[in-house]
Amino acid sequence: MLRQPLLMLARSTRLKNLATAMPVSSGIVNRYVPGETTESAVEATRALIADGLHVTLDFLGEDTLDREQADHTVAAYLDMLGGLSDQNLARNAEVSVKLSAIGQALPGDGEKIALENARTICHAARNAGTTVTLDMEDHTTTDSTLGILHELRKDFPETGAVLQAYLHRTEADCRDLAHEGSRVRLCKGAYKEPESVAFQDRAEVDKSYVRCLKVLMSGQGYPMIATHDPRLVDIAGALATRYERMQGTYEFQMLYGIRPDEQQRLAEAGEKVRVYLPYGAEWYGYLMRRMAERPSNLALFLRSLVSKK
Ligand SMILES: Cc1cc2nc3c(=O)[nH]c(=O)nc-3n(C[C@H](O)[C@H](O)[C@H](O)COP(=O)(O)OP(=O)(O)OC[C@H]3O[C@@H](n4cnc5c(N)ncnc54)[C@H](O)[C@@H]3O)c2cc1C
């Protein structure tokens, strides 16, 4: 019941300003976001890799309407990729990028700016020996993001896509993208979406996830199964057996701080597991989406806000 209002608050500038005045180290924020700096992100990456996990790093930020901010985000990615390469971590760590953080929403030629910025990050990732995945944001950006993906893949075919099972269109998008060499992350979807484009009922979203997963697992691409849902993790395992996929021809992905024991269990069972690791000062929107998924965490968050520890 709280999900929709919380997703609306994720876009509230007033609450964002209040919340981001507190340091990332406070209370519940730190559970989901290990730090604000490149150093803290690289350090957290090293620890996860030492535990047998893989990582995808996200420099937090979204909905940028400011060219300078977009440039700052690109620079942060380049700095982080340099850090991963210097510390020999790039083999096991890639990066996730939100196009709205690098200019997609800028008026005029936002899409073009985002494409050029994404190219710059893809170049740096390739030089570091790793890859980029384009996060998927709300449904108004889906066509634009898939268009930019298509352009990027001409030069960087290794670029990963993200598809959201809650959208009606996604099963068809999975069919389009389930080809050889195509890395596709399937998630449920984290934004507040209208009935006209998205399933609203959780059971319908789960059923859609399974249909999409069947398309990806039976296809020629590289599925990245992004969920913490135990039933879907089991179904993914069963589909791997049904379609005779070896471990390592697909991977599981989970968010930093969510079900870490399950991440470890899967890795110890020989599965490839990648942890999505967000960092940076712009954690507000990301954290509110996590609150919407687990409203029981909200009390903890509000307490952190009040005490500003
Ligand atoms: C690697 C990765 C990348 C993602 N990228 C995107 C993206 O690009 N675009 C996008 O829209 N969404 C993205 N998401 C978010 C995704 O869409 C869901 O919102 C999120 O993963 C919760 O869905 P779930 O599949 O885990 O299922 P849910 O039904 O939400 O959760 C299943 C179980 O997981 C645990 N759990 C889930 N959330 C929490 C939480 N916040 N705190 C504690 N426990 C929790 C609980 O045990 C819960 O019962 C990504 C998720 C992952 C894991």
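Residues numbered from 1 in each chain as written. Predicted model: local features only at pLDDT ≥ 70, side-chain atom pairs only at ≥ 80, totals over all residues. Heavy atoms only, no water.

**Student:** Please clarify how the environment of Asp 176 should be interpreted in this entry.
**Tutor:** Take Asp 176: it is sitting in helix α8 (residues 170-177). Considered as a pair, Asp 176 and Met 288 are 112 residues apart in the sequence and their alpha carbons are 32 Å apart. (Helix = DSSP H or I, 4+ residues; strand = E, 2+ residues; numbered from the N terminus.)

**Student:** Would you mind going over the site of the ligand with me for this structure?
**Tutor:** Lining the immediate environment of the ligand, one finds 26 residues, of which Lys 188, Gly 189, Thr 227, His 228 and Glu 293 sit closest. Met 136 is positioned with one of its backbone polar atoms (N or O) 2.8 Å from a nitrogen atom of the ligand. Burial of the ligand by the protein amounts to 89% of the accessible area it has alone, namely 930 Å². Broken down by secondary-structure element, the contributors of at least two residues to the shell around the ligand are α3 (29-32), β4 (161-164), β5 (183-187), β7 (251-255) and α12 (284-293). Examining the composition of the shell around the ligand, we find that three residues originate from one element, β7, more than from any other. A per-class count over the shell around the ligand returns 11 nonpolar, six polar and nine charged. (Near = heavy atom within 4 Å. Polar contact = N/O pair within 3.5 Å; in protein donor to acceptor, adjacent residues only side chain to side chain. Areas by Shrake-Rupley, 256 points an atom, 1.4 Å probe, with all protein chains shown as cover. Nonpolar A, V, L, I, M, F, W, Y, C, P; charged D, E, K, R; others polar.)

**Student:** Please clarify how helix α10 (residues 230-242) should be interpreted in this entry.
**Tutor:** Look at α10: 19 Å from first C-alpha to last across 13 residues, which is about the 18 Å you get at 1.5 Å a residue. Inspection of α10 places Leu 232, Val 233, Ala 236, Leu 239 and Ala 240 among the buried residues, and these make up the whole buried set. Along α10, the residues classed as buried sweep out an arc of 120° about the axis, all on the same side. Facing away from the buried side of α10 by more than 90 degrees, the exposed set consists of Arg 231, Asp 234, Thr 241 and Arg 242. Along its buried surface, α10 packs onto α9 (202-218), β6 (222-226), β7 and α11 (260-268). Where α10 begins, the capping side chain belongs to Asp 229, and its oxygen is found 3.1 Å from the backbone nitrogen of Arg 231. Following α10 by one or two positions, Glu 244 has its phi on the positive side, about 55°. (Expected span 1.5 Å × (residues − 1). Buried < 20%, exposed > 50% of the residue type's maximum accessible area, 1.4 Å probe, protein only. Arc of directions from axis to C-beta. Contact = heavy atoms within 4.5 Å.)

**Student:** What exactly am I supposed to notice about the pairing of β7 here?
**Tutor:** Regular strands place their side chains on alternate faces of the sheet. Counting buried positions along β7 gives five out of five residues, so the element sits mostly inside the fold. Burial along β7 is two-sided: the residues Glu 251, Gln 253 and Leu 255 and Phe 252 and Met 254 are all buried. Sheet analysis places β6 next to β7, joined by three bridges and oriented parallel. From the neighbouring strand, Ile 225 faces β7, where its bridge partner is Phe 252. (Pairing = 2+ DSSP bridges.)

**Student:** Before we go on, may I ask you to explain the packing of aromatic side chains in this structure?
**Tutor:** Both the distance between ring centres and the angle between the ring planes are used here to describe each pair of aromatic rings. Enumeration over the complete set of coordinates arrives at four aromatic pairs. Considering the side-chain rings of Phe 59 and Tyr 77, the 6.4 Å spacing of their centres and the 80° angle between planes classify their relative orientation as edge-to-face. Taken together, the residues Phe 59 in strand β1 (residues 54-59) and Tyr 77 in helix α5 (residues 67-86) connect sequence positions 18 residues apart. Measuring from centroid to centroid gives 6.0 Å for Tyr 250 and Phe 252, while their planes differ by 85°, and the two rings are edge-to-face. The buried category is assigned to Phe 252, whose relative accessible area is 2%. (Phe/Tyr/Trp six-rings, centres within 6.5 Å; stacked < 30°, edge-to-face > 60°.)

**Student:** Where do I start with the packing of α5 against helix α6 (residues 110-128) in this structure?
**Tutor:** Working note: a packed helix pair is described by the angle between its axes plus the distance between those axes. The interhelical angle for the contact between α5 and α6, taken along N-to-C directions, is 10°, at an axis separation of 9 Å. Overall, the two elements α5 and α6 adopt an arrangement that is roughly parallel. When α5 is examined against α6, the residues Arg 67, Ala 70, Asp 71, Val 74, Tyr 77, Leu 78, Leu 81 and Ser 85 are found in contact with a partner set consisting of Ile 113, Asn 117, Thr 120, Ile 121, Ala 124, Ala 125 and Ala 128. Classifying every residue of the contact of α5 with α6 by side-chain character gives 10 nonpolar, three polar and two charged. (Axes fitted to C-alpha atoms, helices over the stretch in contact; angles between N-to-C directions. Parallel < 35°, antiparallel > 145°, perpendicular 65-115°, else oblique.)

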